[in-house]
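Fold and geometry: a report
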Amino acid sequence: NAGVTQTPKFQVLKTGQSMTLQCAQDMNHEYMSWYRQDPGMGLRLIHYSVGAGITDQGEVPNGYNVSRSTTEDFPLRLLSAAPSQTSVYFCASSSPGQGSLNYGYTFGSGTRLTVV
Amino acid sequence: AQSVAQPEDQVNVAEGNPLTVKCTYSVSGNPYLFWYVQYPNRGLQFLLKYITGDNLVKGSYGFEAEFNKSQTSFHLKKPSALVSDSALYFCAVRGTYNFNKFYFGSGTKLNVKP
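Residues numbered from 1 in each chain as written. Chains lettered and ligands numbered in written order. Predicted model: local features only at pLDDT ≥ 70, side-chain atom pairs only at ≥ 80, totals over all residues. Heavy atoms only, no water.

Considering the pairing of strand E6 (residues 44-50) of chain B
The side chains of a regular strand alternate, residue by residue, between the two faces of the sheet. Residue and element names in this part refer to chain B. Across six bridges, the pairing between strand E5 (residues 33-38) and E6 is antiparallel. In the sheet register, leucine 33 faces E6, and the bridge partner there is tyrosine 50. Turn length for the E5-E6 hairpin, with the two strands adjacent in sequence and antiparallel, is five residues, and the turn residue asparagine 41 shows positive phi of about 60 degrees. (Pairing = 2+ DSSP bridges. Helix = DSSP H or I, 4+ residues; strand = E, 2+ residues; numbered from the N terminus.)

Structure follows, in structure tokens:
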């Protein structure tokens, strides 16, 4: 089925470890974003990309890196995990212009990350 | 700057009664407003949007939302709630100058009791 696929669904890390959260979409969407969801704070934008080779920072980029080498993939890297990065992470994509107006974002099912 | 506020952390309603989930916004320029629903352990799903035109917009699962420009509000409504409507609801506004940015409210948990 077409959509946004995130892996893994669950992950436990030790403080200081690094890891990559994977995100792939098969809808040929140009826009992709990473959000984190924390209780009482809604969704906060970490990084986003408007196309292959182009990325930019959102509201809470510190401690995270992204790259966009292909239209389909937008991985999120945690460089040195900290307990404050315990959260649920969502990847989302949309087509530009009228597409994003019509449907907003398509979201993946999320990655629940715990840093101990 | 764009922002969205959802003043209620939780809304409780009995099945069969009407429900309202509140949202107010702040944007420069014309607002592009969205409602999303999140079921447990799932991603957010698009419910409905307001771009322009009629102030009452209809969406999925019998939900509708009323855009009120003077009150800068975009409340989500449903005439008759179902237990299966219990979920987390997010209001969002699309960035005026950066279309890729969506600004989300903090979410409202809707509990529909039988």
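Some details on the layout of surface pockets
For the largest pocket, the calculated volume is near 600 Å³. Mapped onto the lining of the largest pocket, the elements with two or more residues apiece are strand E4 (31-38), strand E9 (87-94) and strand E11 (111-115) of chain A together with strand E10 (87-94) and strand E12 (108-113) of chain B. Split by residue class, the lining of the largest pocket holds 10 nonpolar, 13 polar and six charged. Along its surface, the second largest pocket is lined by 17 residues, and Thr106, Phe107 and Gly108 of chain A together with Leu44 and Gln45 of chain B are the ones closest to its centre. Elements with a contribution of two residues or more to the lining of the second largest pocket: strand E1 (4-7) and strand E10 (106-107) of chain A together with E6 of chain B. Considering only residue class, the lining of the second largest pocket consists of seven nonpolar, eight polar and two charged. (1 Å grid on protein atoms, 1.4 Å probe; cavity = no way out; pocket = protein on both sides within 12 Å on 5 of 7 lines; lining within 4 Å. Points joined across faces, edges and corners; volume = space filled by probe spheres on them. Nonpolar A, V, L, I, M, F, W, Y, C, P; charged D, E, K, R; others polar.)

With respect to the interface of chain A and chain B
Taken together, the contacts link 27 residues of chain A with 21 residues of chain B. Taking both partners together, chain A and chain B bury about 1800 Å²; carbon and sulfur atoms supply 56% of that area. Elements with a minimum of two residues in the side of chain A that touches chain B: E4, strand E5 (42-51), E9 and helix H1 (98-103) of chain A. No other element matches E5 of chain A, which puts six residues into the side of chain A that touches chain B. Among the residues forming the side of chain A that touches chain B, the class breakdown is 13 nonpolar, 13 polar and one charged. (Contact = heavy atoms within 4.5 Å. Buried area = accessible area lost by both parts, 1.4 Å probe.)

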